[in-house]
Every structure is written in structure tokens, then in C-alpha cells.
Amino acid sequence: MNGKGSLSWSDRIVKSLASLKLAVFVILALATITAVGTFVESSYNAPIAKKWVYDTLWMYAIMGLLCVNLIAVMVDRWPWKRRHIAFVSAHIGILVLLFGSFLTWRYGLDGSLRVGIGQSNRFVTLPETDFSVWTSFDGDQFAKLMETPVDFDRRDPKKHPVEIVTDAGPLKITAYRPFVVTSRKVIPSDNPRLGPALRFQVVNSRVNVIEWLVQKRDGDIVEHDFGPAKVFFGEIPQNRQDANEVFFKLRPDGALDYKVFYKDEGRKPLTGVVKEGDNFNPGWMDLEFRVLRVFAKAEETWDFQDLDRPTELSNSAIEVDFQGKKHWLQLNDTLKMFTDRAVYIVAFGNRRVDLGFDVFLKKFEVGRYQGTMRAASYASLVEVPGVGEQMISMNEPLKHMGKTVYQASFQDGPDGQPIASIFSINDDPGRWIKYLGSLIISFGVIWLFYDKRRSARAIAPTTMKEDF
């Protein structure tokens, strides 16, 4: 008897796992997940689609079920015969391909590297995010209290608060906003540890710049370079540095001393005193300086506008609750908080890993479509220890120490000229295994056509004899 009732329990399990119904279910599930992932990626972005759809427990379950189904189908055909070669090769190839993909997912590297022109960098920025807290009792030497991976797209801190114990009480992450557009805000403060702030305007017929200069601590020197000149807020030096410069220093009565240096060394510096609401002419290019606001103590913060979808300008932000005060902190920024005894620095940012070698950007070239500012092509001339100089373009990556460095994009400065090159860094430890899997599948397909052709030739003489 060959009926189902005569099968052992192990044979029945194999038959069930190798069934066509299970295969159809797996295929439909993968098609559904792929469709949902495509929709999420088009509505949000690729990292969100990865977190919400592809890198999930139910995706792993379906992939595991696919592997079980492939293995069970081969076991069900045992012992294999010649006609099974194509079938078995295709199934083994798919399993090898999946194993290579697993290695890439588990141990691979996929991040970005930003290198300024004339600068070097070796730290790759990854999509994953970390949260860390540092403390100092003297304001100079900081010690790390903790550092932990966080993923608030999956674990909302409103439902799963993150809490760190400090000697000044608990520090909590209490809220998360995934897509916000930020705008800088400076507010007056009564914290004696903070420094002053100056909001100024530089204007003429071609220039209109409004900026804040905020000293995080008294005595700091902060600057803003708007092209024709640099504006400094802090101690006023005796001599100029290297360009047209204007220095401001806050006086105890709230007014500002200023001193203007000229690029022309033979020109005498201009000095004076201004207060909030005043303006003066520094003597460059018919520019006029206006002192808009002055705070004796100021704190930098951010205004956030929530969005439904991410944009190129959007970012994410977390709410930090410490000593009864709530602070918002955006991604890749830091927050400094003071207590009576110590200073705490809180950081929320993308994880960075060491590439293993420095990439020095010697030159960046960009070609534009005629009559427009749109980039038609771009390439980076880099220097890497052990490699030397090499040009990296969109079709010519650099391969070194198992890493592949692709030209991805670039960053423009305020004047519209490139200031940095953006590279995509990839390390794919499962690449050769995936190639092997593809090769085995190809062999199975070729063998299938070969075997069918061979069988047709073997049948043909017999058929002809019967016809005669």
C-alpha cells in the first residue's frame, strides 16, 4: 500500500513541508511583503522600509519557511536520480544564495563617508543610531557614563522609555519625533554657566545675512564666515588674522565694543561701540552691520515642525527629561546640561565605525549640464595609504582591504561650489557565496535543457520505428 495512512510520522511531516500548498503560500507571502515594502519605500524611504517591512520577525519567518520547504522537497525526492540533477541544483543554489545574503546582512557594512576637499576621514556613518551620555565635574575632562544602541522607529520611547541613572537623578528619553524640520532658536537664559549671544545683520544691495553668534561659555570665540568677511564674537585681538574681519565683545553694561580689520594691511582698523538696535558701516562694499539682539546669557535650542513623510531636509528628534526639565535633541547633535556639581553631555547620532584606512580627498571634479547647475558627472581624486592616488567616479569604485568605496554624491557650500564628496562604503562578506549560489542555479537550468534535449533524442528513433 502506498496510501497516506501507511506513511510513518516522519514521512508525513516531510510530505507536509514539501507540499505544493506550502510553496504557494511562501511565494504569495513573499510577493505580498515585497509589494508592501515597495509601497513603504516609495512613501517614506529605504531605511524605513527596511525597518518596518524587510528587517522584521515575520520576514525572517517566511524566509525560514522557504528554506525548510526547499530542503523538504529535496529530502522527499531521495534517493536522487539523474533526472533530479537540475531540480536539486536549483534548490541547493537558492539555499546557498540565501546563506550568502544572510552573511551580508549579519556581518556586512553599508554606510557613507563624507570627506571635505583637502581633508581626510576614516569613519563610516551607518543608519543605526546610538545614544550616549558623558559627564564632567570640571567642564573639561569628560567620562562616558553609558552608550547604547537605540531604534526609536521600532521602539517608541512613550511605550518603552529609556532611562539612565546619574548622580543628579534619572535621565529619561520620553518621546520621539521621526520626521521634523528644525529651525535654530536662541533664547535668553539665567544659567550663569552659559555665555552671551549676538544676532546681527549684514546687508547691502547684494548681501543680506542674518545670523546668531552664541558663546557656549564666557570667553569662547565664535565666528561666522559669510564670504566677503568673517564676523567674530569674543575677545578682540590686537591684529587681524587673514581677511576682512569684524570682532564684537560684550561689555558689562550690555553694549558691544567692535573692531574692524581690513585685508589691506595698510588700512587702519576701525573701532567703536554699539548697542542693540544700532548699525554702522565697516567700510567694505557698502555693507552695513546691524546689531539686532544681544543676550547676556543665552541658550541654543530648536523649533521642530512635524512632517508626515521624510524629506531631504527632515531629521528625527528625541525628548530628554532631566531634573524636571524637558529638552529636544535632534539626530547627530548634542545637548549640554548643567547641575550644581557636574556637566552632562547627551548625544544622539548615527553609529560610526572605523573604515580601517584614511581617505584623503585631494580634488573633486563636477561636470554640469550646459546652461544649468545640475551635475552631469562627478569624480573624486583621493589618496589612500597603501594604494596611492586613485580617481573614484560613479562607474569606477575603489577596492581596498575588503571594502568598496563608491562615488555617491557631493555637498555644496553656501556659494554653490562643492565642499565635500560623499562616498558609499560597502563590505559584502557573502558576495562570493551569492555568486556561487547563482552559478549552481545556472548549472541546474543548463542541465535541465540539456537533459530534456538528450531525452528527446533518445525517444525520437523509437517513435520513428513505430511510425514505420
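It should be noted that the structure appears before, not after, this text.
Predicted, not measured: the structure shown is a model, and the values here were computed from it.

### Thoughts on unusual backbone geometry
Next up, step 1: Omega for the peptide link from Trp78 to Pro79 comes to 0 degrees, which places this bond in the cis form.
Next up, step 2: Among the structural elements, Pro79 can be located in the loop between helix H4 (57-76) and helix H5 (85-107).
Next up, step 3: For Gln323, which is not glycine, the phi torsion reads 55 degrees and is therefore positive.
Next up, step 4: One non-glycine residue, Met401, lies in positive phi territory at about 55 degrees.
Next up, step 5: Structurally, Met401 can be placed in the loop between strand S22 (398-400) and strand S23 (403-412).
Next up, step 6: Residue Met401 is classed as exposed on the basis of its relative accessible area, which comes to 51%.

### Re a nonpolar patch on the surface
Next up, step 1: A cluster of nonpolar side chains, Leu57, Trp58, Tyr60, Phe99, Phe102 and Trp105, forms an exposed patch at the surface whose accessible area comes to about 690 Å².
Next up, step 2: By secondary structure assignment, the location of Phe99 is in helix H5.

### Thoughts on the pairing of strand S7 (residues 208-214)
Next up, step 1: When strand S6 (residues 197-203) meets S7, the two strands line up antiparallel, connected through seven bridges. From the neighbouring strand, Val203 faces S7, where its bridge partner is Asn208.
Next up, step 2: The hairpin formed by S6 and S7 contains four residues between the paired strands.

### A closer look at the sheet that holds strand S10 (residues 245-250)
Next up, step 1: Within the open sheet, the five strands sit side by side as S8-S9-S10-S11-S12. Their pairing is mixed. In this open sheet, the two strands that pair with only one neighbour each are strand S8 (222-225) and strand S12 (270-274). Strand-to-strand, the axes of this sheet are offset by a mean angle of 15 degrees, without reference to chain direction.
Next up, step 2: Where strand S11 (residues 256-261) meets S12, five bridges bridge the pair, whose relative direction is antiparallel. When the bridges of S12 are listed, Leu256 appears paired with Val274.

### Things to note about the environment of Ile422
Next up, step 1: Topologically, Ile422 is positioned in strand S24 (residues 418-427).
Next up, step 2: The spacing of Ile422 and Gln407 is 15 residues in sequence and 6.7 Å in space, taken between C-alpha atoms.
Next up, step 3: Here Ile422 is in contact with Ser112, Leu113, Arg114, Tyr406, Gln407, Ala408, Ser409, Phe410 and Gln411, once residues within four sequence places are set aside.

### A short note on the pattern of salt bridges
Between side chains of opposite charge, pairing is possible as soon as their charged atoms come close.
Next up, step 1: The final tally for this structure, using the stated rule, is 30 salt bridges.
Next up, step 2: Close ionic contact of Asp354 with Arg122 constitutes a salt bridge, the shortest N to O distance being 2.8 Å. Pair noted here: Asp354 is in strand S19 (residues 343-368) and Arg122 is in strand S2 (residues 120-136), with a separation of 232 residues, a long-range link.
Next up, step 3: Residue Arg122 is classed as partly exposed on the basis of its relative accessible area of 23%.
Next up, step 4: Residues Lys363 and Glu365 are paired through a salt bridge, measuring 3.5 Å at the closest nitrogen-oxygen approach.
Next up, step 5: What emerges from the salt-bridge pattern is a single network uniting Lys51, Asp55, Asp151, Asp153 and Arg154.

### Re the sheet that holds strand S14 (residues 288-295)
Next up, step 1: Read from one edge to the other, the open sheet built from four strands follows the order S7-S6-S14-S13, with strand pairing classed as antiparallel. The open sheet has two edge strands with one neighbour each: S7 and strand S13 (279-280).

Thresholds, definitions, all that
Residues numbered from 1 in each chain as written. Predicted model: local features only at pLDDT ≥ 70, side-chain atom pairs only at ≥ 80, totals over all residues. Heavy atoms only, no water. Helix = DSSP H or I, 4+ residues; strand = E, 2+ residues; numbered from the N terminus. Buried < 20%, exposed > 50% of the residue type's maximum accessible area, 1.4 Å probe, protein only. Patch = residues over 30% accessible without salt bridge, like charges linked within 9 Å, V, L, I, M, F, W, Y side chains within 5 Å. Areas by Shrake-Rupley, 256 points an atom, 1.4 Å probe, with all protein chains shown as cover. Salt bridge = Lys/Arg side-chain N within 4 Å of Asp/Glu carboxyl O. Pairing = 2+ DSSP bridges. Axes fitted to C-alpha atoms, helices over the stretch in contact; angles between N-to-C directions. Contact = heavy atoms within 4.5 Å.

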